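Fold and geometry: a report
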Amino acid sequence: SPRRIAALFLELMSRLGHDRFIVQGANWGSTIGTVMAQDAPERVIGLHLNSVNAIPPAEPMPLDPGDQALADRYVTLLDAPHFNLLSKAPLGIAHALNDSPAGLAAWMGERLRDWADPDIHDNPGLDPEWIVGNAALAWFTTTAATSSMLYREAVLDPAPPARVDVPTAVAAFAKELVLAPRAWAEQQYNIVRWTSHQAGGHFPAVEVPDAFVEDVRQFAAALR
């Protein structure tokens, strides 16, 4: 589960000799990084996210049109078909994916294609070689089941809803799917930096690497 992975990463950093460090997270890494910041705030100097999960407020919150669009899109993600399937019955699809490289490539390719920014010319995140490379990584290591089970484990061992007081930066890329409005995120994170980017989807480190790296660097410099 993300909670167990967070504990393992903290132990890994200790064994590598790093008492304090910055955490960067996207997708599941956002949840894992959040738990690391919750569990070891004295060690995590800053938390940088480009995917942001947040609990929708119990009472409606006034939002500007841009944030309202984010809120509408974010709420639909809570019922995403792949999440519902993998969080409830991961092993059925896991055996099928481990049995068929074509099925695995199709499954992963669909996710990667739908979550990248289609407006970027020659987007590396849509490059067939990158998609096949990701599928091959799971195929040759037979880890389709491992990645599928993470969804179920996250439900069985949920991350705590505790607030993150560690300084947090958000790089909001234009076509990122998992991105709650800032007003929602500020209820759970100590947001000190929120940068909007005009391009990039769910994989900015691949799609717009220069913008991604520069955002992380600027946040790190501000923490010194």
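What this report covers is the structure whose coordinates are included nearby.

Procedures and definitions
Residues numbered from 1 in each chain as written. Predicted model: local features only at pLDDT ≥ 70, side-chain atom pairs only at ≥ 80, totals over all residues. Heavy atoms only, no water. Helix = DSSP H or I, 4+ residues; strand = E, 2+ residues; numbered from the N terminus. Expected span 1.5 Å × (residues − 1). Buried < 20%, exposed > 50% of the residue type's maximum accessible area, 1.4 Å probe, protein only. Contact = heavy atoms within 4.5 Å. Axes fitted to C-alpha atoms, helices over the stretch in contact; angles between N-to-C directions. Parallel < 35°, antiparallel > 145°, perpendicular 65-115°, else oblique. Nonpolar A, V, L, I, M, F, W, Y, C, P; charged D, E, K, R; others polar. Phe/Tyr/Trp six-rings, centres within 6.5 Å; stacked < 30°, edge-to-face > 60°. Lys NZ or Arg CZ within 6 Å of the ring centre and 35° of its normal. Left-handed = near helix turned anticlockwise from the far one by under 90°. Pairing = 2+ DSSP bridges. Right-handed = clockwise from strand over helix to strand, strands pointing away.

A few words on helix α8 (residues 144-156). With 13 residues, α8 should reach 18 Å at 1.5 Å per residue; the first-to-last C-alpha distance of 19 Å fits that figure. Those residues of α8 lying buried are A144, S148, L150, Y151 and A154. Where α8 is buried, its residues touch α1 (2-15), α2 (28-39), α4 (81-88), α5 (90-99), α6 (101-115) and α7 (128-140).

Here we take up the packing of α4 against α8. One way to put it is that α4 packs onto α8 with a least axis distance of 7 Å and a crossing angle of 75°. The angle between α4 and α8 falls in the class roughly perpendicular. Residues H82, F83, L86, S87 and K88 of α4 lie in contact with α8, whose contacting residues are S148, Y151, R152 and V155. Grouping the constituent residues of the contact of α4 with α8 by class yields four nonpolar, three polar and two charged.

Going through the model one piece at a time under the given rule, you end up with four aromatic pairs. Ring centres of W28 and Y151 lie 5.1 Å apart, and the angle between their planes is 85°; on these two criteria the pair is classed as edge-to-face. Of this pair, W28 sits in helix α2 while Y151 sits in helix α8, placing them 123 residues apart in sequence. No difference in accessibility class separates W28 from Y151, as the two residues are buried. Between the aromatic rings of W130 and F203, the centroid separation amounts to 5.5 Å while the plane-to-plane angle is 65°, which identifies the pairing as edge-to-face. Of this pair, W130 sits in helix α7 while F203 is found in the loop between β4 (189-197) and α10 (204-207), placing the two residues 73 residues apart along the sequence. With a relative accessible area of 14%, F203 lands in the buried category. Grouped by ring-pair contacts, the aromatic residues W28, F83 and Y151 constitute a single cluster. The ring centre of W107 lies 4.4 Å from the NZ or CZ of R111, which sits over that ring.

With their axes 9 Å apart at the nearest point, α6 and α7 run at an angle of 130° to one another. Between α6 and α7, the angle is such that the two are oblique. As α6 runs across α7, the sense of the crossing is right-handed. Packed against α6, whose contacting residues are P101, L104, A105, M108, G109 and L112, the element α7 presents W130, I131, N134, A135, A138 and W139 at the interface. Its residues placed into classes, the contact of α6 with α7 shows ten nonpolar, two polar and no charged.

Mapping S30 onto the fold places it in helix α2. Note on S30: relative accessible area 1%, which makes it buried. Setting aside anything within four residues of it in sequence, one finds S30 in contact with G25, L49, S51, V52 and N53.

Right, let's talk about the pairing of strand β2 (residues 44-49) for a bit. Counted residue by residue, β2 has five buried out of six residues, so it is predominantly covered. Bridge analysis of strand β1 (residues 21-25) against β2 gives five bridges, and the strand direction is parallel. Bridge pairing in β2 links I22 to G46. Crossover connection from β1 via α2 to parallel β2: handedness right-handed.

This next bit is on unusual backbone geometry. The backbone phi angle of N27 is positive, close to 55°, even though this residue is not glycine. When you line up the elements, N27 lands in the loop between β1 and α2. The class of N27 is partly exposed, set by a relative accessible area of 33%. The backbone of D122 sits at a positive phi, close to 50°, despite the residue not being glycine. In this fold, D122 is placed in the loop between α6 and α7.

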